[in-house]
Each structure stands twice: as structure tokens, then as C-alpha cells.
Amino acid sequence: MQEKNLEKIVSWAKRRGFVMPGSEIYGGISGIYDFGPYGVALKNNIKKIWWKTFVEDSDDIVGIESAILMNRKVWQASGHEKGFVDELVECKKCHQRYKADDLPETKCQSGGEHEFTEAKQFNPMFKTHVGVIESDESMTYLRPETAQGMFTNFKQVMETSRKKLPFGIAQIGKSFRNEINTKDFLFRVREFEIAEIEYFVKPGDDEKAFDEWLKSWEEFVLSLGIKKENIKHYEHPKEGLSHYSKRTVDIQYNYPFGYKELTGLANRTDFDLKAHQEASGKDLTYFDEETKEKVLPYVIEPTLGIERLMLAVICDAFEEIQGGRGVDKSDPSTNAQDGIDMSEIVLHLSQSIAPVKIAVLPLVKKLSEKGREIYKDLKTCWGEIEFDESGSIGRRYRRQDEIGTPYCVTIDFEEDRKVTVRNRDTMKQERVDIKELKNHLFEKLGNF
Ligand code: GAP
């Protein structure tokens, strides 16, 4: 994948109502994005499938939602206040700041090579105050990860859900990091969502659980339609591990800017429970019925950023076809405004996450009323469905292909009471009797 593709994806995402810069009418705010109607639908579909896979369909994982704001003592005990640091360097000539472990390959804007300062430590947690008085006592942070809410609630959740080891706690939630340098669109942002699981096991069972989770985590990524040849594993060297980890393996995705971390899997040992037990003075042990001993569970943590996953599924699905796919070339193209002359974009999203599943398109105005009736009827089965009667049929197909709609239903019948069902990827068209339409679509789509 080429660098220019990311630019095209950024422009497409804005033009098509998927992702736009935050606060844009005021000039934006660096590293913050808003999600438009199709973007939020895609994001919600990814989160729904994640929740169904790991919480609803699982016997040993329960979900929670913990608060973004936590007592500052949580971040002191977890090691984040002291140990969650990035190394910051500044170029003495152009004054751009960078993470010391992610230096630019490009030359300095002021000419020649960059001249960097010594690395300074920088804690990327956003500070805030709870209550009206801004003092050291009222200070805390916006959480940089959701994990700590699952550790502080571990005992309570285990008891109320009557779980025994091994079991997991899952959550999806907003996290915040004041990144030194935001770049590559949704890849490195300052406000994002993490979906993660803390899977508690008996000490000694951790290494086997780690291997099993690596398999499940990869299967999940692939189940969203990401191609296997575009992912690889990266084993962190011992000296590069986070302060809490005994072993970490990332699943990297082949983004347009190279292979980079999409998800992570860490063996957090008993680091967090031990730290919170010591700092809070509360017993966080598990009573093992077999050995009649109290133990502090070990934790395997599969984690992923929803925005990074969203960017990966978009990059994987995005195809730009120069010269189009044989549609009417005299038709004013929807993307000609961006100078992508007569090229056509098709988003080959997996139908499970596509923001629109079916588009109903009456061929001519006089079929609009009939089209609306069919649209309303289909909407009782599939919520993510659109009705579009404006523009030529070629233009409407292109619009749907660009947002990844798997099926278009064209209302073009006169006497035979049949409609045309068109497949986004193959462009194959089938004539289907109206009475059979729901069954026909159900066979293709299932009931999302
Ligand atoms: N609880 C463990 C934890 O937070 P992490 O690797 O620091 O681990 C989890 O973050 C995931 O969040 C990463 O695998 C990545 O997908 C995503 N992520 C981290 N920083 C991000 C950022 N600045 N922007 C977007 N996603 C980010």
C-alpha cells in the first residue's frame, strides 16, 4: 500500500461522512476526530460484534462499564503516574517534537538533518480536577486505558457473577492519551476507544492461556474481513516490555504507512492486583478450593483500539479502480470533485460491519412510491437500509459501492413484479420476485 492511499482514504472518509476532523469549523483540534453517520454505524457494528463474540457468546467472560474518572490513587498504584512515560525530543532547528522511539525519516523543514535535544520524559495522561477547587488533592487523570477499572472491580465482579478461575472481565470505553505527536489519521489519536479483556487465571496457567488468547484475538481480527496476508505477529523484546508485562505480542497490520501495532496481548502477571491490594489494603485474593489456599490470579490481557481496527478494515476494504468498472462514463462521477478522474471507489467491507446493508433504488420517479413500500417492508428486518431516488442509476450504484453497501435492490418492474438485486463486489444482477425478496436477502445477509 502506498502513502498516497492514506491521503485518499482521509479525503474519502470526510467526503462520505465516515470520519471528519474534530471542531473543524474552528480550525480543528490536533489528534481528535468525529465520526459521521456512516462512521459511527461502522464503529458500532465492530463494537457489537466484539461484545457478542467475547461477552454474549462466552461462558466465562462478563462485561462491565467502569468510569473514565478514577481516584488518583489508582494511577499511583498502577504505576501510571510514575512509569507511564514517553520520551520526548525536539528538533533544535524546526522545533517539531517527536517521540524518541518514533523519529521521522524525513529531513528537517529548515534544511539538512534534524538536530535533536536530549530526550525528556513526558507523561501522556491528561490532568483534570474533580470538584470546584483546583488543588493537588482534587487532581486526577482521564484514564489512558480501561484496564484499571477491571482490576479495581475484580473481587466485586467475581463475587456478584459467581465466577471461578479462569474467568474474564471485558469492557469497551473511551481512553485518552496526550500523544506527543499525532499522525497517520486514526492510528495515533488523543481520544480513542479501547476494547479489552482482563482474563484471570491461576498462576502457572498463564502461559497456556496466553497462547490460546493469541489465537482467538487473531481469529476475531480476521472475522471482520481483514486479509491474513496483511497481518503479522510482533514479539516485544524483554527489554522493551511495559512496566507490568512478562510477555507481549502485538498483531500488526500492514497500514499504508507500514506494519504497525493493531492489537496487543500482554501477560500482566499478578502485577496490578498485587499493586492495588498493597495500596488499598483490600484483600484481592482468590480462594482456591482445590489447594485450600489464597492466590493472587495472573492476568492475560488482550487489548485493541477500535479506531485502529476501523482504519485497518477500511484500508483492507478500500479499492480504487482507475477508469471505473464499466459503468456509464458520461455520468458525473461522485468523486471527480477530488480530482480522482473517472476512478471508482469500492469499499469491500465484510457485510457484517457494513454501515448500510441494502439500498433500495427506484429506477425512475414513477416507481418511487412502490420503492418506498418495499423499503419500509425491508426496514422491519434490517435497520441499516437506505432509500435513494436521486441521480442516474449508475451514479447511485457508485455512491453505494463507495460506502460499502453489499446489496442494491433496484425497483424496475413493470408487469412481472420482479426487482433487480445487485451485488457490490461482483456487480452480478439477479431478478427476484417481490414476494421472494426478503427470503432472498435473508439468505445472503442473515438477520443483522
Ligand atoms: N491496557 C493495555 C493498553 O492500554 P496499549 O497497547 O497501550 O495497551 C491498547 O493500548 C490498544 O489501544 C493498542 O493495541 C492500540 O490498538 C490502541 N491505541 C493505543 N494508543 C493509541 C492511540 N494514541 N490512538 C489510537 N489507538 C491507540
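Calculation criteria
- The residue numbering used here restarts from 1 in each chain and proceeds along that chain's sequence as written.
- Totals for whole chains, interfaces and linings use every residue, but because this is a predicted model, local features are given only for residues with pLDDT of at least 70 and side-chain atom pairs only at 80 or more, for both listing and counting.
- Only hydrogens and water are removed before side-chain values are computed, so all heavy atoms of the structure are retained for them.
- Burial classes follow relative accessibility: with a 1.4 Å probe on protein chains only, a residue under 20% of its type's maximum area counts as buried, one over 50% as exposed, and anything between as partly exposed.
- Numbered from the N terminus, helices here are DSSP runs of H or I no shorter than four residues, and strands are runs of E no shorter than two.
- For this purpose, a residue is taken to be near a molecule or strand whenever a single non-hydrogen atom of the residue falls within 4 Å of it.
- Residues adjacent in sequence count toward polar contacts only when both atoms are side-chain atoms; beyond that, a polar contact is any pair of N or O atoms within 3.5 Å, and within protein one must be able to donate a hydrogen and the other to accept it.
- For the area figures, the Shrake-Rupley method with a 1.4 Å probe applies, and any residue is considered shielded solely by the protein chains shown.
- Both cavities and pockets are sets of points on a 1 Å grid over the protein atoms alone; in a cavity a 1.4 Å probe fits but cannot get out, in a pocket the set is open with protein on both sides within 12 Å along at least five of seven lines, and lining residues sit with an atom within 4 Å of a point.
- A pocket or cavity is taken to hold a molecule when more than half of that molecule's atoms are within 2 Å of the pocket's grid points.
- Amino acid classes used here: Ala, Val, Leu, Ile, Met, Phe, Trp, Tyr, Cys and Pro are nonpolar; Asp, Glu, Lys and Arg are charged; the rest, including Gly, are polar.
- Grid points are joined across faces, edges and corners, and a volume is the space filled by probe spheres set on the points.
- For patch detection, residues must exceed 30% relative accessible area and be free of salt bridges, and they are connected within 9 Å for like charges or within 5 Å for nonpolar side chains (Val, Leu, Ile, Met, Phe, Trp, Tyr).
- Salt bridges are defined as contacts in which a side-chain nitrogen from Lys or Arg sits within 4 Å of a carboxyl oxygen from Asp or Glu.
- Those domain boundaries reflect an automatic or database domain assignment.
- Pairs of residues are marked as contacts when any of their non-hydrogen atoms sit within 4.5 Å.
- Buried area adds together the accessible area that both of two parts lose upon being put together, with accessible area traced by a 1.4 Å probe.
- Criterion used throughout: strands pair if DSSP finds at least two bridges between them.
- Under this scheme, a helix contributes an axis fitted over its contacting stretch, all axes are lines through C-alpha atoms, and angles between N-to-C directions fall in the 0 to 180 degree range.

Engineer: Got a minute to help me understand helix α11 (residues 393–403) in this structure?
Structural biologist: Owing to its 3.6 residues per turn, the α-helix aligns residues three or four sequence positions apart on the same side. Most of α11 is tucked away: eight of the eleven residues are buried. Of all the positions in α11, only G394, R396, Y397, R398, Q400, D401, E402 and I403 are classed as buried.

Engineer: Whenever I open this one, the site of the ligand confuses me. Can you help?
Structural biologist: Surrounding the ligand, one finds 22 residues, the nearest of these being E145, E179, E196, E261 and L262. Interatomic distance of 2.7 Å between a side-chain N/O atom of E179 and a nitrogen atom of the ligand. A distance of 2.8 Å separates a nitrogen atom of the ligand from a polar backbone atom of V189. When isolated, the ligand has an accessible area of 560 Å², and the protein chains bury 91% of it. With respect to the pocket detection grid, the ligand is positioned in the largest pocket. Among the elements of the structure, β10 (191–201), β13 (258–269) and β16 (298–305) are those that each provide at least two residues to the shell around the ligand. In terms of residues, the shell around the ligand owes the most to one element, β13, which gives five residues. Among the residues making up the shell around the ligand, the classes are represented as nine nonpolar, four polar and nine charged.

Engineer: What should I look at first to understand empty space enclosed by the protein in this one?
Structural biologist: To find leftover empty space, a probe the size of one water molecule is rolled over the atoms. For the structure shown, the criterion picks out one cavity of 30 Å³ or more. The computed volume of the largest cavity comes to approximately 50 Å³. Along its surface, the largest cavity is lined by Y33, F35, K43, K174, L186, V189, E191 and E307. In the lining of the largest cavity, the residues fall into four nonpolar, no polar and four charged.

Engineer: I tried to follow a nonpolar patch on the surface on my own but got confused; where do I start?
Structural biologist: Taken together, the side chains of I68, L69 and V130 present a nonpolar region at the surface, about 230 Å² in accessible area. Within the element layout of this structure, I68 appears in the loop between β3 (61–63) and α3 (72–77). Since its relative accessible area comes to 30%, I68 is described here as partly exposed.

Engineer: Please clarify how the layout of surface pockets should be interpreted in this entry.
Structural biologist: Counted as a void, the largest pocket has a volume near 1500 Å³. Taken together, 47 residues make up the lining of the largest pocket; nearest its centre are K99, R177, H236, S242 and E261. Elements with a minimum of two residues in the lining of the largest pocket: α4 (80–83), β4 (86–90), β10, β12 (247–255), β13, β16 and α9 (306–317). Examining the composition of the lining of the largest pocket, we find that nine residues originate from one element, β13, more than from any other. Along the lines of polarity and charge, the residues of the lining of the largest pocket split into 18 nonpolar, twelve polar and 17 charged.

Engineer: When you look at the pattern of salt bridges in this model, what are you seeing that I'm missing?
Structural biologist: A side chain with one charge may pair with a side chain of the opposite charge, provided their charged atoms come close. Using the criterion set out here, one finds 44 salt bridges in the structure. Of the charged contacts, one joins E301 and R268 as a salt bridge, the two residues approaching to 2.7 Å between their closest N and O atoms. Highlighted residues: E301 in strand β16 and R268 in strand β13, separated in sequence by 33 residues. Of the two residues examined, E301 and R268, each falls in the buried class. One salt-bridge network, in which partners are shared between bridges, spans K43, K47, E193 and E307.

Engineer: Honestly, the domain arrangement of the chain in this entry has me stumped. Any pointers?
Structural biologist: Many authors give the size of an interface as the accessible area that is lost as the parts come together. Domain annotation of the chain identifies domain 1 (6–69 + 129–315) and domain 2 (350–445). Relative placement of domain 1 and domain 2: their C-alpha centres are 37 Å apart. In this assembly, 14 residues from domain 1 lie in contact with twelve residues from domain 2. Carbon and sulfur atoms make up 58% of the surface buried where domain 1 meets domain 2, a total of about 990 Å² over both sides. Per-residue buried area on domain 1 facing domain 2 is highest for R16, Y38 and N45; these three make up 47% of the total on that side. At the junction of domain 1 with domain 2, the criterion picks out two salt bridges.

Engineer: Help me understand the pairing of β4 in this model?
Structural biologist: For a regular strand, side chains alternate in direction, first toward one face of the sheet and then toward the other. Here β4 lies mainly inside the structure; four of its five residues are buried. As paired strands, β4 and strand β6 (residues 120–122) are joined by three bridges and run antiparallel to one another. From the neighbouring strand, E87 faces β6, where its bridge partner is Q121. Looking at chain direction, β4 and strand β5 (residues 97–99) are connected through three bridges and run antiparallel. Bridge assignment links L88 to a residue of β5, and that residue is K99.

Engineer: Before we go on, may I ask you to explain the sheet that holds β4 in this structure?
Structural biologist: Pairing between the strands of a sheet comes from backbone hydrogen bonds, and it takes one of two forms, parallel or antiparallel. Strand order in the open sheet formed by three strands is β5-β4-β6, with antiparallel pairing between adjacent strands. The open sheet has two edge strands with one neighbour each: β5 and β6. Taken pair by pair, the neighbouring strands of this sheet meet at an average axis angle of 45°, ignoring direction.

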